[in-house]
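Listed below, chain by chain, are the residues.
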Amino acid sequence: MVYPAPLRIAQLTDLHLFADPGKKMMGLATARSFQAVITHLQQLEHQPDILLLTGDLSQDETPQSYEYLGNVLRPLGIPTYWIPGNHDDLLAMERILSQPPIYLNKSVQVGNWHFILLCSNIPGRVDGEVSATSLSWLEKQLKLAGDRHVAIVMHHPPLAIGSEWIDRLRLKNADALFAILDRYPQIKIMLCGHVHQSWDTKREQIRYFTTPSTCVQFLPKSVDFAIDPEAFPGYRLLTIYPDGGWETKVERVAFAYPPHLGKD
């Protein structure tokens, strides 16, 4: 497919869908807030050329939750790429989220950009790690990218975001990852999920972003687990240019609900 310049990307993350679309997490029906985000996205003046789904697509890790997701996304007709989060079942995802326009590809070249989707999922754990095999694969992909500009996509952020409880659950082997990233100046951007809030920083030449969840939001700079009752669901829009330039913004979707921490 030939894409016009600039290229528009939408990042959706931490959907936490259930087999039952009516089921709630902390007082919020995650399927309803996700559908509100999709409706908002469809009303954009310029539709995204690519969707990036950055993990925790399911909350209950059921095939039905991924089937629901596929049924919502396929009618959009937008090429979609995904990575697993700590709440996901990778085998179920690979089986169900593999029919166009949803693809299994983790290395995607579009024009003068190369997207690398890197798995940080450790089965049975909340924190993340990039395996030795994945690190080797990453370096191979970076060499193949040549002079193209690179964006890396993963679930767990490799840097602390300033919330103590979340920072204990981030990527555990960040130093091994940085040892590779620091050798490739063509890397421009890293997009992450996991933290249910908007945050960004720069390390060396790379700008790091996290993005609001399509459902519940976590309170920034919190010591212990806390949700942000006033933050709406959202997603990130990224516009990239052939010369390596880019622009980004977070879109919020008005979706009020009474959050709580009890059982639903």
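For the chain, the name recorded in an unreviewed UniProt entry is 3',5'-cyclic-AMP phosphodiesterase, with Planktothricoides raciborskii FACHB-1370 as its organism. What UniProt records for the chain under Sequence similarities (unreviewed entry) is the sentence "Belongs to the cyclic nucleotide phosphodiesterase class-III family."

Colleague: Would you mind going over the sheet that holds strand β13 (residues 234-240) in detail, with residue names and values included?
Modeller: Taken in spatial order, the six strands of this open sheet run β6-β5-β4-β1-β13-β14, and their pairing is mixed. A single partner strand is all that each edge strand has here, and the edge strands are β6 (102-103) and β14 (246-252). One ladder, built from five bridges, connects strand β1 (residues 7-12) with β13; its direction is antiparallel. Bridge pairing links Ile9 to Leu238 in β13. Packed on one face of the sheet, helix α1 (residues 30-42) meets β1, β4 (50-54), β13 and β14 and runs near 170° to β1. On the sheet, helix α2 (residues 63-73) packs against β4, β5 (80-83) and β6 and is oriented at approximately 160° with respect to β4.

Colleague: Tell me about the sheet that holds strand β8 (residues 113-117), residues and numbers included.
Modeller: Taken together, the six strands give an open sheet; going across it, the order is β7-β8-β9-β10-β12-β11, and neighbouring strands pair in mixed fashion. Of all strands in the sheet, those bounded by a partner on one side alone are β7 (107-110) and β11 (199-203). Along the sheet, successive strands turn relative to each other by an average axial angle of 15°, direction set aside. Direction of pairing for β11 relative to strand β12 (residues 206-210): antiparallel, over a ladder of five bridges. Within β12, the position partnered with Trp199 by the bridge is Thr210.

Colleague: Could you give an account of the packing of helix α4 (residues 132-145) against helix α6 (residues 174-181), with specific residues and numbers?
Modeller: Their axes nearest at 10 Å, the elements α4 and α6 cross at an angle of 15°. Classified by the interaxial angle, the pair formed by α4 and α6 is roughly parallel. Note that α4 runs across α6; the crossing there is right-handed. On α6, the residues touching Leu135, Leu138, Glu139 and Leu142 of α4 are Ala176, Leu177, Ile180 and Leu181.

Colleague: Tell me about the pairing of β1, and please be specific about residues and values.
Modeller: If a strand is regular, its side chains alternate between the two faces of the sheet. The element β1 is extensively covered by neighbouring structure, given that five of its six residues are classed as buried. With four bridges connecting them, β1 and β4 associate as parallel partners. Counterpart to Gln11 in the pairing with β4 is Leu52.

Colleague: An account of the pattern of salt bridges is requested, with residue identities and associated values reported.
Modeller: The full count for this structure, using the stated rule, is six salt bridges. One salt bridge connects Lys172 with Asp127, and the closest N-O pair in it is separated by 3.9 Å. Within this pair, whereas Lys172 is found in the loop between α5 (164-167) and α6, its partner Asp127 is found in the loop between β8 and α4, the two being separated by 45 residues in sequence. On the accessibility criterion, Asp127 (11% relative accessible area) is buried. A salt bridge links Arg183 to Glu139; its shortest N-O distance comes to 2.4 Å. Taken as a pair, Arg183 in the loop between α6 and β10 (187-192) and Glu139 in helix α4 lie far apart in primary sequence, 44 residues in all. Taken together, the shared-partner salt bridges connect Arg125, Asp127 and Lys172 into one network.

Conventions adopted
- Residues numbered from 1 in each chain as written.
- Predicted model: local features only at pLDDT ≥ 70, side-chain atom pairs only at ≥ 80, totals over all residues.
- Heavy atoms only, no water.
- UniProt positions renumbered as here; feature names shortened; annotations may be inferred.
- Pairing = 2+ DSSP bridges.
- Helix = DSSP H or I, 4+ residues; strand = E, 2+ residues; numbered from the N terminus.
- Contact = heavy atoms within 4.5 Å.
- Axes fitted to C-alpha atoms, helices over the stretch in contact; angles between N-to-C directions.
- Parallel < 35°, antiparallel > 145°, perpendicular 65-115°, else oblique.
- Left-handed = near helix turned anticlockwise from the far one by under 90°.
- Buried < 20%, exposed > 50% of the residue type's maximum accessible area, 1.4 Å probe, protein only.
- Salt bridge = Lys/Arg side-chain N within 4 Å of Asp/Glu carboxyl O.

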